[in-house]
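Residues per chain, in single letters:
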Amino acid sequence: MKYISYDEATKVFQLHTKNSVYQMQVADYNTLVHLYYGADIGDTQASHRIIRLDRGFCVNPYEAGDDRTFSLDVLPQEYSGYGNGDYRINAMEAEHEDGSDALHLRYESHKMMEGKYSLDGLPCMFGGADEAETLEIVLYDRITNLKVHLLYGVFYELDVITRAVRIHNEGERAVKIQRAMSMEMDYPNKHMDLIHFYGRHAMERLTERLPLYHGIQSVESKRGTSSHQHNPFVILCDKSASEKLGDCYGFALAYSGNFRCEIEVDQMEQTRIVMGIHPYHFSFKLNKGDVFETPEAIMAYSSEGLSRLSHIYHDAYRSNLIRSKYVTMPRPVLVNNWEATYFGFDEEKLYRIAQDAKEIGLDMFVLDDGWFGKRDNDNAGLGDWVVNEDKIKGGLPKLVKRIKDLGLKFGIWIEPEMVSEDSDLYREHPDWVLRIPDRSMTRGRFQLNLDITRKEVRDHVMQQIFRVLDSCQVDYVKWDMNRSVANVYSSALPSDRQGEVFHRYVLGVYEMMEQLVTRYPDLLFENCSGGGGRFDAGMLYYSPQIWCSDNTDAIDRLKIQYGTSFGYPISAMGSHVSVCPNHQNGRVTPFETRGVVASAGTFGYELDLGRLTPEEKEMAKKQILDYKQIEHLVQTGDYYRLSDPFKNNDYVVWQFVSKDKKETVVNGVQLRNEPNPHIHLIYLEGLLPKEHYKDAQTGAVYTGAALMKAGIPLPVGLGDYQPLKFRFVMV
Ligand code: GLA
């Protein structure tokens with residue numbers, strides 16, 4: 001093993017990545033203690049940081065005898081069980097048959113393996129023997145013989161450590177898991193800030209930075225999805241950390257359902273973080289021999305500030321999480337008919353949009369919601385995945401052939417997890433939805449969640465969808481999910497397993513998506529949940545891109561895309577040009593500005609191209625060509641946030657740098673023009689200081705150092721919401 005070691009004498013484990021080290025130790029009474037995670041500290045084992053004292057009201061385990069300095073209440077631990085005198089948030093809790101719920105987890109054994117572990121039916125990073133190593137530490141509870149396998153995936157080059165937990169009931173009796181976090185980690189005496197990403201529908205992943213305080217802070221979703229409201233990615237960082245400087249730790253959960261990240265600052269100024277499935281309405285019954293696996297937490301450390309932390313995640317997801325062959329390939333630039341037509345279309349209207357798309361140089365036409373069942377509005381039709389021939393006369397294959405004959409690819413929208421009450425599917429199978437007996441249901445957009453914990457339901461829906469996809473050789477699918485999960489009860493599960501429904505629902509989604517990507521390996525797959533309601537690392541395992549937000553306004557998108565960029569690659573953000581006044585907020589912005597903002601993502605259009613003015617059509621043609629010139633930077637380059645839209649009201653700028661540092665693009669928006677203006681200098685990042693770079697517009701040549709340290713002035717005299725565009729190439 002190259003990157004994982006165990007010192008038999010001191011019982012210290014070390015996990016090494018290129019720029020970080022993670023240490024833990026088997027301490028007294030086989031307690032697995034966390035020692036350190038951070039910058040490389042050479043051959044020092046950090047057990048000197050643990051000082052044991054007799055502390056009031058910190059209880060001691062019985063086997064410690066008269067040693068009153070050994071208390072689980074203050075020791076940093078790798079994975080703590082509830083009920084042993086550690087009164088902080090714990091990683092795990094289980095209810096036993098006798099009604100007790102204590103778990104005392106102690107080290108039993110460990111093994112190391114080449115390559116990265118995988119999880120059954122759950123998304124996770126992958127890595128062969130040349131990329132990753134695995135450490136598996138087995139903890140056990142003596143009374144129940146529950147075995148808790150802590151899994152660590154170590155990606156040396158990527159600077160990433162993943163964690164997950166496999167729980168195996170090797171005892172005779174059933175156990176009900178009440179809480180099984182994917183990771184726990186303690187920091188002794190480190191005063192940090194929390195950065196998290198909150199929001200709402202059409203305003204997702206806004207950024208907030210807060211000091212940690214004594215007590216518990218949490219970031220969580222109970223909506224059955226990772227949600228618009230809170231994202232399963234958080235950062236803990238030094239109080240002084242900035243884009244360029246300081247210790248930063250990232251914690252991402254590759255999971256698309258209920259989650260909770262809790263951070264507790266305790267009485268001793270220690271900080272504990274746990275992250276995993278939300279314990280609310282969660283329990284999982286393990287009979288003798290049963291196994292439960294938690295989702296994966298993906299951790300990264302940067303000593304060089306937030307930009308570097310983001311680069312670690314962007315690169316790691318692109319190389320070892322997103323499986324799609326399109327991950328770094330040019331994606332077809334598309335037009336989507338949603339904001340162009342909503343539900344009001346027929347085959348001729350769609351064909352006209354496709355003709356216009358061809359004329360301006362687009363690659364793909366995407367048919368959004370409304371093509372199936374009786375879907376004339378959002379009250380009906382979900383679940384009936386059969387084309388609506390009143391709207392599309394002659395059927396889908398005919399329309400698709402006409403569109404493909406234009407030389408365009410064809411994509412389609414589906415929402416497989418849902419059913420409308422007004423649908424044939426619901427009339428036939430009213431029991432196929434999540435519904436609590438005797439209670440009236442909550443509706444969301446007039447639709448219900450199918451009970452996809454049931455295999456027959458999943459298979460029925462997917463078979464219908466496959467029939468459509470097979471009939472017309474679809475190139476792209478947009479998988480939507482347009483309500484929060486509620487009425488959480490499955491008639492197919494016994495009463496003592498209802499706590500499993502939320503999680504089984506997510507496993508059902510993953511199984512359906514796995515069926516889709518396995519059957520159609522060449523399909524370009526985009527995830528969506530009312531825009532960015534399920535923008536998480538779990539979804540990226542199945543699809544290389546996710547519709548970032550239903551809000552297509554270029555100015556609001558500056559904040560949404562800024563927040564999203566902390567934890568997710570730019571190449572994963574679906575981003576389109578739409579009309580003005582904008583349909584979500586009524587704002588008017590220049591066409592070119594909308595193009596610049598949409599080019600920081602997977603580019604496309606969401607409008608009726610036939611209604612563009614001749615000038616706008618010309619601009620669109622140029623935008624598409626411009627995007628194709630920078631697309632490789634969006635797909636594979638390093639991304640820098642050069643300004644913070646939450647602080648700067650004058651302009652927002654961002655930068656892409658190619659990995660070889662030979663090319664860079666700075667784009668942005670001037671938000672506000674002022675008379676007698678300040679000269680705003682922007683300072684580039686990531687260039688080679690001694691090399692020379694030529695401004696592609698003016699021909700002026702600068703050293704990399706000049707662009708980074710002396711800066712370049714933004715143009716003066718522009719109006720409000722004007723686009724900013726620079727491109728420099730090494731000469
Ligand atoms: C969601 C999506 C939109 C569109 C509509 C269709 O809101 O985010 O892009 O597909 O559904 O109903």
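Residues numbered from 1 in each chain as written. Predicted model: local features only at pLDDT ≥ 70, side-chain atom pairs only at ≥ 80, totals over all residues. Heavy atoms only, no water.

Draft legend 1. A look at the overall build of the protein. A tally of helices and strands in the protein yields twelve helices and 38 strands. The C-alpha radius of gyration computed for the protein amounts to 27 Å, which stays within 12% of the reference 27 Å derived for 731 residues, consistent with globular compactness. Counting only C-alpha atoms, the protein reaches 85 × 70 × 45 Å along its principal axes. Burial statistics for the protein: of 731 residues in total, 61% are counted as buried. Pairs at least 24 residues apart make up 69% of the contacts formed inside the protein by residues separated by at least 6 positions. Carbon and sulfur atoms make up 50% of the accessible area of the protein, which totals about 26,600 Å². (Helix = DSSP H or I, 4+ residues; strand = E, 2+ residues; numbered from the N terminus. Rg over C-alpha atoms; globule rule 2.2 N^0.38 Å. Buried < 20%, exposed > 50% of the residue type's maximum accessible area, 1.4 Å probe, protein only. Contact = heavy atoms within 4.5 Å. Areas by Shrake-Rupley, 256 points an atom, 1.4 Å probe, with all protein chains shown as cover.)

Draft legend 2. The pattern of salt bridges, seen in detail. Counted under the stated rule, the structure contains 68 salt bridges. For Glu359, the salt bridge identified is with Lys617, shortest N-O distance 4.0 Å. Note that Glu359 is positioned in helix α3 (residues 347–360) and Lys617 in helix α11 (residues 614–636), a separation of 258 residues in sequence. Glu359 gets classed as partly exposed once you look at its relative accessible area, which sits at 46%. Between Lys725 and Asp626 there is a salt bridge whose closest N-O contact spans 3.4 Å. Taken together, the residues span a long stretch of sequence, with Lys725 in strand β38 (residues 722–730) and Asp626 in helix α11 at a distance of 99 residues. Overall, Lys725 belongs to the partly exposed group, its relative accessible area being 30%. One continuous salt-bridge network, built from bridges that share partners, spans Asp86, Arg88, Glu184, Asp186, Asp266 and Arg272. (Salt bridge = Lys/Arg side-chain N within 4 Å of Asp/Glu carboxyl O.)

Draft legend 3. How the structure looks around the pairing of strand β8 (residues 146–155). A large share of β8 lies buried, amounting to ten of its ten residues. Residues Leu146, Val148, Leu150, Tyr152 and Val154 of β8 are buried on one face, and the alternating residues Lys147, His149, Leu151, Gly153 and Phe155, pointing to the opposite face, are buried as well. Of the pairings in the sheet, the one linking strand β7 (residues 133–141) to β8 comprises nine bridges and is antiparallel in character. Counterpart to Glu133 in the pairing with β8 is Val154. The hairpin turn running from β7 into β8, its antiparallel successor, is four residues long, and Asn145 in that turn takes a positive phi close to 60°. Relative to strand β9 (residues 160–169), β8 is paired through ten bridges, and the arrangement is antiparallel. The residue bridging Leu150 from the neighbouring strand is Val165, located in β9. (Pairing = 2+ DSSP bridges.)

Draft legend 4. Expanded view of the sheet that holds strand β29 (residues 573–577). Taken in spatial order, the eight strands of this closed barrel run β21-β22-β23-β26-β27-β28-β29-β30, and their pairing is parallel. Pairwise comparison of adjacent strand axes, ignoring direction, gives a mean angle of 30° for this sheet. Relative to strand β23 (residues 409–414), strand β22 (residues 364–367) runs parallel, the two sharing four bridges. Each residue of the ladder has a partner; that of Leu367, found in β23, is Ile412. Set on the sheet, helix α10 (residues 591–598) makes contact with β29 and β30 (602–605); between it and β29 the angle comes to about 170°. (Axes fitted to C-alpha atoms, helices over the stretch in contact; angles between N-to-C directions.)

Draft legend 5. Layout of the site of the ligand. Within the structure, the ligand sits among 13 residues, and Asp368, Asp369, Lys478, Gly531 and Asp550 are positioned closest to it. Residue Asp369 places a side-chain N or O atom 2.6 Å away from an oxygen atom belonging to the ligand. Interatomic distance of 2.8 Å between a side-chain N/O atom of Lys478 and an oxygen atom of the ligand. When the free accessible area of the ligand is taken as 300 Å², the share hidden by the protein chains comes to 97%. Residue classes in the shell around the ligand are distributed as four nonpolar, three polar and six charged. (Near = heavy atom within 4 Å. Polar contact = N/O pair within 3.5 Å; in protein donor to acceptor, adjacent residues only side chain to side chain. Nonpolar A, V, L, I, M, F, W, Y, C, P; charged D, E, K, R; others polar.)

Draft legend 6. The packing of aromatic side chains, seen in detail. In this structure the tally under the stated criterion is 38 aromatic pairs. Centroid distance Phe13 to Tyr107: 6.3 Å. Interplanar angle 55°. Geometry classified as tilted. Taken as a pair, Phe13 in strand β2 (residues 12–17) and Tyr107 in strand β6 (residues 105–114) lie far apart in primary sequence, 94 residues in all. Here Phe13 and Tyr107 have matching classes, each one buried. Ring centres of Tyr639 and Phe656 lie 5.3 Å apart, and the angle between their planes is 55°; this geometry places the pair in the tilted category. Of this pair, Tyr639 sits in strand β31 (residues 638–641) while Phe656 sits in strand β32 (residues 651–657), placing them 17 residues apart in sequence. As far as burial versus exposure is concerned, Tyr639 and Phe656 are alike and both buried. Here the aromatic residues Phe197, Phe233, Tyr313, Tyr317, Phe535, Tyr562, Phe566, Tyr568 and Phe646 are joined through ring pairs into a cluster of three or more. Over the aromatic face of Tyr541 sits the side chain of Arg323, whose NZ or CZ is 3.7 Å from the ring centroid. (Phe/Tyr/Trp six-rings, centres within 6.5 Å; stacked < 30°, edge-to-face > 60°. Lys NZ or Arg CZ within 6 Å of the ring centre and 35° of its normal.)

Draft legend 7. Region of interest: α11. In this model, α11 (23 residues) spans 34 Å end to end at C-alpha, consistent with the 33 Å of a helix rising 1.5 Å per residue. At Ile630, α11 shows its maximal bend, which comes to roughly 50°. (Expected span 1.5 Å × (residues − 1). Bend = angle between axes of the 7 residues up to and from the residue.)

Draft legend 8. Molecular detail of the packing of α3 against α11. Running from N to C, α3 and α11 cross one another at 65°; their axes reach a closest spacing of 9 Å. Residue-level contacts link Asp356, Glu359 and Ile360 of α3 to Lys617, Ala620, Lys621 and Ile624 of α11. When its residues are assigned to classes, the contact of α3 with α11 shows three nonpolar, no polar and four charged.

Draft legend 9. A look at the sheet that holds strand β4 (residues 31–38). Taken in spatial order, the four strands of this open sheet run β1-β2-β3-β4, and their pairing is antiparallel. The open sheet is flanked by β1 (4–7) and β4, the only strands paired with a single partner. With direction set aside, neighbouring strand axes in the sheet form an average angle of 15°. Judged from the four bridges that link them, β1 and β2 form a sheet pairing that is antiparallel. Bridged to Ser5 within β2 is Gln14.

Draft legend 10. Examining the nonpolar core more closely. Of all hydrophobic cores here, the largest spans 200 residues; its most connected members are Phe251, Trp371, Leu396 and Tyr605. Among the elements that make up this core, the one with the highest residue count is helix α7 (residues 501–519) (nine residues). Setting aside its immediate chain neighbours within four residues, Tyr605 contacts Leu334, Val335, Asn336, Leu362, His576, Val577, Phe591, Ala620, Gln623 and Ile624. Membership of the second largest hydrophobic core comes to 17 residues, among which are Leu642, Val653, Leu707 and Leu724. (Core = buried A, V, L, I, M, F, W, Y, C linked by side-chain atoms within 4.5 Å.)

Draft legend 11. The environment of Met181, seen in detail. Tracing the sequence through the fold places Met181 in strand β10 (residues 175–187). On the basis of relative accessibility, which here comes to 0%, the residue Met181 falls in the buried class. Separated by 36 residues in sequence, Met181 and Asn145 place their C-alpha atoms 19 Å apart. Residues in contact with Met181, not counting those within four places in the same chain, are Tyr79, Asn90, Ala91, Val165, Arg260, Glu262, Val274, Met275, Gly276, Ile277, Pro279 and Thr294.

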